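Summary of structural features
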2 protein chains.
Amino acid sequence: MYYDKAENMDRASLESLQLERLKSTLENAKNAPFYKEQLAGINPEDLQSAADITKLPFTTKDDLRSQYPYGMLTRSKDEFVRLHASSGTTGTPTAVFYTQKDLDTWADLMARCMYACGCRKSDVLQNMSGYGLFTGGLGIHYGSERLGMLTVPAGAGNTKRQIKLIRDFNVSVLHIIPSFALYFAQKVEEAGFDTADMPWKIALIGAEPHTEEARRKIEEMMHIKAYNSYGLSEMNGPGVAFECVHQNGMHVWEDAYIAEIIDPTTGEHVKEGEIGELVMTTLTREGMPIIRYRTRDLTRFIPGQCECGRTHRRIDRIAGRADDMMILKGVNIYPMQIEQCLMAMPEVGQNYLIELVTEGITDQLKVKVEVKDQFFVEDMRALQGLQKKIAKNLCNEILITPRVELCQHDSIPKGEGKAVRVVDKREK
Amino acid sequence: MYYDKAENMDRASLESLQLERLKSTLENAKNAPFYKEQLAGINPEDLQSAADITKLPFTTKDDLRSQYPYGMLTRSKDEFVRLHASSGTTGTPTAVFYTQKDLDTWADLMARCMYACGCRKSDVLQNMSGYGLFTGGLGIHYGSERLGMLTVPAGAGNTKRQIKLIRDFNVSVLHIIPSFALYFAQKVEEAGFDTADMPWKIALIGAEPHTEEARRKIEEMMHIKAYNSYGLSEMNGPGVAFECVHQNGMHVWEDAYIAEIIDPTTGEHVKEGEIGELVMTTLTREGMPIIRYRTRDLTRFIPGQCECGRTHRRIDRIAGRADDMMILKGVNIYPMQIEQCLMAMPEVGQNYLIELVTEGITDQLKVKVEVKDQFFVEDMRALQGLQKKIAKNLCNEILITPRVELCQHDSIPKGEGKAVRVVDKREK
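Residues numbered from 1 in each chain as written. Chains lettered and ligands numbered in written order. Predicted model: local features only at pLDDT ≥ 70, side-chain atom pairs only at ≥ 80, totals over all residues. Heavy atoms only, no water.

Our working definition: UniProt positions are given in the numbering used here, feature names are shortened, and annotations may be inferred rather than shown by experiment.
For chain A, an unreviewed UniProt entry supplies the name Phenylacetate-coenzyme A ligase and the organism Pseudodesulfovibrio profundus. In its Function (unreviewed entry) section, the UniProt entry covering chain A states "Catalyzes the activation of phenylacetic acid (PA) to phenylacetyl-CoA (PA-CoA)." Its UniProt record, at the heading Subunit (unreviewed entry), says of chain A: "Monomer."

1. Topic: the overall build of chain A
Quick note on the threshold: Secondary structure counts use DSSP, requiring at least four H or I residues in a row for a helix and at least two E residues in a row for a strand, with both numbered from the N terminus. Buried, partly exposed and exposed residues are distinguished by accessible area as a fraction of the type maximum, computed with a 1.4 Å probe on protein chains only: under 20%, between the cut-offs, and over 50%, respectively. Any two residues whose heavy atoms approach within 4.5 Å are treated as being in contact. To measure how exposed things are, a 1.4 Å probe is used in the Shrake-Rupley method; for residues, cover is taken only from the protein chains shown. Asp and Glu are treated as the negative residues and Lys and Arg as the positive ones, with His and the ends of the chain left uncounted. Throughout, a charge is located at the NZ atom of Lys, the CZ atom of Arg, the CG atom of Asp or the CD atom of Glu.
Helix and strand counts for chain A come out as 11 helices and 21 strands. Structurally, chain A occupies a C-alpha span of about 70 × 60 × 45 Å along its principal axes. The burial tally for chain A puts 56% of its 428 residues in the buried class. Considering only contacts in chain A between residues 6 or more positions apart, those separated by 24 or more positions represent 65%. Total accessible area on chain A is roughly 18200 Å²; 48% of this is exposed by carbon and sulfur atoms. Each charge class in chain A was averaged separately, 53 positive and 60 negative side chains, and the resulting centres sit 1 Å apart.

2. A look at the packing of aromatic side chains
To keep it simple, the criterion reads: Aromatic rings from Phe, Tyr and Trp, taking only the six-membered ring of Trp, are treated as a pair when their centres fall within 6.5 Å; an angle between ring planes under 30 degrees marks them as stacked, one over 60 as edge-to-face, and anything in between as tilted. Remark: a charge is flagged as sitting over a ring if the NZ atom of Lys or the CZ atom of Arg is within 6 Å of the ring centre and within 35 degrees of the ring normal.
Summed over all chains, the structure comprises 22 aromatic pairs over all chains. Ring geometry for Phe97 of chain A against Phe169 of chain B: centres 5.9 Å apart, planes inclined by 75°, an arrangement best described as edge-to-face. Remark: Phe169 of chain B occurs in the loop between α7 (159-168) and β5 (173-175) and Phe97 of chain A occurs in strand β2 (residues 95-99); the pair is interchain, linking two chains. It is Arg294 of chain A that lies over the ring of Phe58 of chain A; its NZ or CZ is 4.8 Å from the centre. Between Arg82 of chain B and the ring centre of Tyr142 of chain B, over which it is positioned, the NZ or CZ distance is 4.8 Å.

3. Details of the relation of the copies chain B and chain A
To keep it simple, the criterion reads: A least-squares superposition brings the copies together, and it is based on the C-alpha atoms of residues with pLDDT no lower than 70 in both.
Each copy superposes on the other: chain B lies on chain A with an RMSD of 0.2 Å after a rotation of 180° and an axial shift of 0.1 Å. What the superposition gives is, in effect, a two-fold axis relating one chain to the other. Considering only C-alpha atoms, the residue of chain B closest to the rotation axis is Tyr131 of chain B, which sits at 3.0 Å. A shared interface surface links the copies, since 100% of the contact residues of chain B are contact residues in chain A too.

4. Side note on the pairing of strand β11 (residues 257-262) of chain B
Two faces, one strand: in a regular strand the side chains alternate between the faces of the sheet. Residues and elements named next belong to chain B. Our working rule: For two strands to be treated as a pair, DSSP must find at least two bridges joining them.
Counting buried residues along β11, six of its six residues qualify, which places the element largely inside the surrounding structure. Bridge count between β11 and strand β12 (residues 276-282): six bridges; the pairing is antiparallel. Its bridge partner lying in β12, Tyr257 is registered against Thr282.

5. Brief notes about the interface of chain B and chain A
For clarity, the cut-off: As used here, buried area is the combined drop in accessible area, with a 1.4 Å probe, of two parts when they are placed together. For salt bridges, the criterion is a side-chain nitrogen of Lys or Arg within 4 Å of an Asp or Glu carboxyl oxygen. Polar contact criterion, stated in full: a pair of N or O atoms within 3.5 Å, where within protein one must be able to donate a hydrogen and the other to accept it, and residues adjacent in sequence count only if both atoms are side-chain atoms.
The interface of chain B with chain A comprises 43 residues on the first partner and 44 residues on the second. Summed over both sides, the interface of chain B with chain A buries roughly 3600 Å², with 61% coming from carbon and sulfur. Contact with chain A buries surface across chain B, with Glu145, Leu150 and Phe169 of chain B losing the most and accounting together for 16% of the total. For the pair chain B and chain A, the interface holds four salt bridges. Note that Lys121 of chain A and Glu79 of chain B form a salt bridge whose closest N and O atoms lie 3.8 Å from each other. For the pair chain B and chain A, the number of links is 20 residue pairs in polar contact (both at pLDDT 80 or more). The set of elements that each furnish at least two residues to the side of chain B that touches chain A consists of β1 (80-85), β2 (95-99), α5 (100-116), α6 (135-147), β4 (150-152) and α7 of chain B.

6. Some words on the side chain of Arg215 of chain A
Residue and element names in this part refer to chain A. Here Arg215 lies in helix α9 (residues 212-222). You can call Arg215 buried: its relative accessible area is 0%. A distance of 2.7 Å separates polar atoms of two side chains, one belonging to Arg215 and the other to Glu243. In contact with Arg215, other than residues within four places in its own chain, are Ile205, His210, Ala226, Tyr227, Asn228, Glu243, Gln247 and Arg317.

7. What to know about the pattern of salt bridges
Residue and element names in this part refer to chain B. Tallying each qualifying case throughout the model produces 74 salt bridges over all chains. The partner of Glu45 in a salt bridge is Lys23, with the nearest N and O atoms 3.5 Å apart. With Glu45 in the loop between α3 (33-38) and α4 (61-67) and Lys23 in helix α2 (residues 11-29), this residue pair connects regions lying 22 residues apart in the sequence. For Arg294, the salt bridge goes to Glu277, with nearest N and O atoms at 2.9 Å.

8. A look at the sheet that holds strand β12 (residues 276-282) of chain A
Residues and elements named next belong to chain A. Here is the rule: Think of each axis as a best-fit line through the C-alpha atoms, taken over the contacting stretch in the case of a helix, with angles from 0 to 180 degrees between the N-to-C directions.
Taking strand neighbours across the sheet as the criterion, the three strands line up as β11-β12-β13 in an open arrangement whose pairing is antiparallel. Strands at the two margins of the open sheet, each flanked by one partner only, are β11 (257-262) and β13 (293-299). Averaged over all adjacent pairs, the angle separating strand axes in this sheet is 30°, with direction ignored.

9. Let's talk about the state of the cysteines
Definition in use: By definition, disulfides here are pairs of cysteine sulfur atoms that lie within 2.5 Å.
Considering all chains together, one arrives at zero disulfides over all chains under this definition. A disulfide-free cysteine, Cys113 of chain A has its sulfur positioned 8.2 Å from the sulfur of Cys117 of chain A, the nearest such atom. Judged by relative accessible area, which is 0%, Cys113 of chain A ranks as buried. In this structure Cys117 of chain B is a free cysteine whose sulfur lies 4.3 Å from that of Cys119 of chain B, the closest cysteine sulfur available. Overall, the relative accessible area of 1% leaves Cys117 of chain B in the buried class.

10. Remarks on unusual backbone geometry
Among all residues except glycine, the phi angle is most often negative; among peptide bonds, the trans geometry is most common. Residues and elements named next belong to chain A. In the segment running from Tyr68 into Pro69, the intervening peptide bond is cis, with an omega of 0°. Positive phi is not limited to glycine here, since Arg296 has a value of about 70°. Within the fold, Arg296 resides in strand β13. The exposure class assigned to Arg296 is partly exposed, which follows from its relative accessible area of 24%.

11. So, the pairing of strand β18 (residues 348-359) of chain B
Residue and element names in this part refer to chain B. With 10 of 12 residues buried, β18 lies mostly within the body of the structure. Note that β18 and strand β19 (residues 362-371) share nine bridges and pair antiparallel. The residue of β19 that forms the bridge with Val357 is Gln364. Judged from the three bridges that link them, β18 and strand β21 (residues 422-424) form a sheet pairing that is parallel. Bridge pairing in β21 places Leu356 opposite Asp424.

12. Quick look at the domain arrangement of chain A
Residues and elements named next belong to chain A. We count it as follows: Each domain's extent was defined by an automatic or database domain assignment. Amino acids are sorted into nonpolar (Ala, Val, Leu, Ile, Met, Phe, Trp, Tyr, Cys and Pro), charged (Asp, Glu, Lys and Arg) and polar (every other residue, Gly among them).
Segmenting chain A into domains produces domain 1 (1-322) and domain 2 (326-424). Facing nine residues of domain 1, the contacting portion of domain 2 comprises six residues. Around 720 Å² of area is buried between domain 1 and domain 2 when both sides are counted, 64% of it from carbon and sulfur atoms. Three residues stand out in domain 1 for area buried against domain 2, namely Thr211, Ile275 and Ala319, and they jointly supply 44% of the buried area on that side. Across the contact surface, domain 1 and domain 2 share zero salt bridges. One can count one residue pair in polar contact (both at pLDDT 80 or more) joining domain 1 with domain 2. Its residues assigned to classes, the side of domain 1 that touches domain 2 comprises four nonpolar, three polar and two charged.

13. Observations regarding empty space enclosed by the protein
All names here are of chain A. Threshold: The pocket and cavity definitions rest on a 1 Å grid over protein atoms only: a 1.4 Å probe that fits but cannot leave marks a cavity, an open set with protein on both sides within 12 Å along at least five of seven lines marks a pocket, and residues lining either have an atom within 4 Å of a point. Grid points are joined across faces, edges and corners, and a volume is the space filled by probe spheres set on the points.
Inspection of every chain in the model, using the stated rule, returns five cavities of 30 Å³ or more. As a volume, the largest cavity reaches approximately 60 Å³. Lining the largest cavity are Leu64, Gln67, Tyr68, Pro69, Met72, Leu73, Thr94, Ala95, Phe97 and Met288. Residues of the lining of the largest cavity, tallied by class, amount to eight nonpolar, two polar and no charged.

14. Digging into the sheet that holds strand β13 (residues 293-299) of chain B
Residues and elements named next belong to chain B. Ordered by their spatial adjacency, three strands build an open sheet running β11-β12-β13, and the pairing between neighbours is antiparallel. Because the sheet does not close on itself, it has two edges, and the strands there are β11 and β13. If you compare each strand with its neighbour and ignore which way they point, the axes differ by 30° on average.

15. Describing the packing of helix α6 (residues 135-147) of chain A against α6 of chain B
Convention followed: In what follows, roughly perpendicular refers to angles from 65 to 115 degrees, roughly parallel to angles under 35, roughly antiparallel to angles over 145, and oblique to any angle outside these ranges.
At their nearest, the axes of α6 of chain A and α6 of chain B sit 14 Å apart, and the two run at 75° to each other. The orientation of α6 of chain A with respect to α6 of chain B, classified from their angle, is roughly perpendicular. Here α6 of chain A contributes Leu138, His141, Tyr142 and Glu145 of chain A to the contact with α6 of chain B, which in turn contributes Leu138, His141, Tyr142 and Glu145 of chain B. A breakdown of the residues in the contact of α6 of chain A with α6 of chain B according to their chemical character gives four nonpolar, two polar and two charged.

Quick look at the structure:
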């Protein structure tokens with residue numbers, strides 16, 4: 001491990017470290033105009049355990065917008081050496097500021113992430129994402145140098161040059177955007193190289209939510225191990241949570257962050273293992289601490305301890321945005337849950353449609369599912385069997401039994417652009 | 001000064017520091033395969049003064065190409081954390097490698113440069129150049145953070161967002177490519193802002209050779225002070241030489257580099273103040289030292305000491321490439337010398353043409369010069385006077401009296417693309 005003592009600390013010590021850091025974070029946060037007001041009635045010394053964080057108010061994206069540009073800062077602007085900002089060409093942007101110490105902390109966290117998935121000082125990393133205001137570029141760059149890897153700041157684009165650099169310098173680690181990875185693999189083949197012969201072994205993916213299937217496809221096409229990661233600029237950028245070599249969920253660095261998962265409507269913690277909105281608190285950021293930030297990202301804690309020995313809890317890959325949540329019969333349902341369940345079944349085709357309808361006095365969930373041609377047979381019993389199987393699998397996932405309607409391949413209308421997956425026809 | 005003791009060190013101490021560092025550089029360089037061979041017969045202890053550097057062999061761009069990728073490295077590839085490479089999509093590229101210590105040294109040199117032209121910790125710097133393999137982007141970025149400025153990694157492009165960031169964060173320092181600066185100033189005006197009202201005060205320009213006139217135009221249009229700088233990736237990148245607030249030549253950091261100016265044909269030092277090819281030696285780079293690198297860039301040392309108190313010598317702005325040099329009657333002449341001399345005269349128009357011709361047994365220099373309409377009068381005596389004035393000014397600069405031919409505005413044919421300034425009609 002990159003920091004042995006921090007990464008495999010026993011839970012009791014980790015939680016007492018969290019409490020200590022949460023207290024000092026609160027003290028420090030009160031130097032920022034926003035938190036001075038927000039935390040006015042709160043005495044950090046009243047917190048008995050890290051779990052008492054639930055007594056603190058949330059911070060939202062709108063809060064960050066309203067405090068733009070300097071309302072979240074705990075010290076003079078002169079003490080900061082970096083800022084990253086959202087594009088802000090429309091609407092009020094948000095900005096995140098870093099002191100030199102914050103940049104060091106961030107680089108250490110990034111180095112730890114990379115080490116966890118197998119990167120070592122002797123590796124050569126090619127950073128194939130754009131630099132600039134996007135935290136992914138400079139975040140990975142600083143972490144890679146911190147770990148001591150030879151870092152190739154290739155930036156985005158220019159496929160031909162990327163390939164040449166990879167081959168010339170025996171690049172063993174790529175930082176690549178998932179949606180670009182498949183395109184790139186194809187370009188490598190077109191350039192006359194076999195992806196199996198390329199020197200790479202590890203791909204750091206992330207920056208975009210993607211499915212397990214997409215990861216497996218990248219791994220197969222590129223002959224590489226691809227590791228998912230999670231981050232957001234409000235929490236520095238990348239480096240918040242990262243997969244270890246077991247590729248089974250992303251360890252959240254709990255000595256640097258407190259992660260909570262809440263019901264987005266009630267704000268209460270969900271039960272262990274249930275999906276909800278990820279809420280994050282910084283524990284080691286001095287310039288711009290953020291308390292209980294509503295990420296709007298949906299995930300769940302993966303129960304149990306990881307084989308790697310790290311004691312820091314794992315979150316599952318992001319299952320969509322809290323804003324996509326539907327509430328039906330008092331149950332929270334996320335479209336991504338339905339998608340993942342459907343796509344895991346070999347009989348199911350590419351397209352589906354979720355409908356919420358009112359029948360009599362109750363609301364119902366209907367799911368139209370395209371079936372692959374070879375399974376769409378003229379055998380009523382087989383079709384009914386498939387229908388039941390889908391309904392049962394969905395019920396296991398979302399705790400509600402939907403009405404499943406099987407459709408032929410290509411029969412669900414596809415709009416242009418982003419697919420419409422949910423239609424709400426309920427009476428208000 | 002950023003490093004008082006280093007920047008205003010008396011010359012004797014500076015030169016003895018150079019000697020000491022040159023010796024250790026040579027010892028270290030011998031660990032690289034290329035220099036092990038190149039410096040085989042040389043004992044660093046035989047050097048009596050920094051001036052003895054002339055006893056060492058040159059290193060050329062072709063040497064770097066032939067050693068690509070690892071032949072210039074003094075230690076295991078594992079010890080390096082960064083590389084920058086020339087594009088290399090055609091021909092053999094060159095690559096420069098940095099250890100963590102080299103990155104630190106480079107960042108310190110950059111911070112010193114910025115401090116010299118007035119940047120302070122309380123400033124906000126917007127880095128408007130691309131990042132990636134181009135050393136200008138990350139070079140300025142690391143230096144700016146090192147100095148403690150709040151650094152906005154805006155990257156290239158997106159003019160609208162650049163303007164918003166500058167206004168929102170009170171950006172006081174821009175790093176901007178000279179050719180982009182004038183375009184940008186226009187865009188700012190088009191967006192409805194007065195450049196005089198923008199918060200900026202300092203522009204770091206460089207990366208492209210440009211004339212004094214171009215600098216003044218940027219300063220006027222943007223209401224900013226623009227500072228020229230010099231660097232090349234073989235010597236880290238930017239940060240090799242930088243203007244101080246007196247804007248009269250660029251101080252070469254002579255505790256980090258030995259600069260020489262040579263006659264590109266003989267390899268001998270030119271006389272103090274004469275133009276020649278800049279040759280650079282690294283004194284503080286551990287991973288990839290380079291001895292007597294032929295930059296092919298033309299400049300001269302500016303005689304005398306700068307009012308700022310820095311003892312490090314200044315080089316003039318780059319006057320072209322050594323490959324452009326003409327030899328006439330045993331004298332080296334550079335087209336840029338002629339251009340600068342002509343463009344400083346109010347009577348001279350936009351275009352000119354240099355011709356080298358053989359007349360009898362001697363070669364002659366002819367210069368065709370377009371004259372502005374208001375000076376192209378039907379007064380033979382006035383025209384002859386102007387002709388003589390131009391010839392005399394040119395002779396003062398290049399030590400040869402050319403034949404000057406005055407032409408009307410727009411009478412010298414302009415080709416498409418890059419202007420042809422020199423036509424060699426000499427018999428071989």
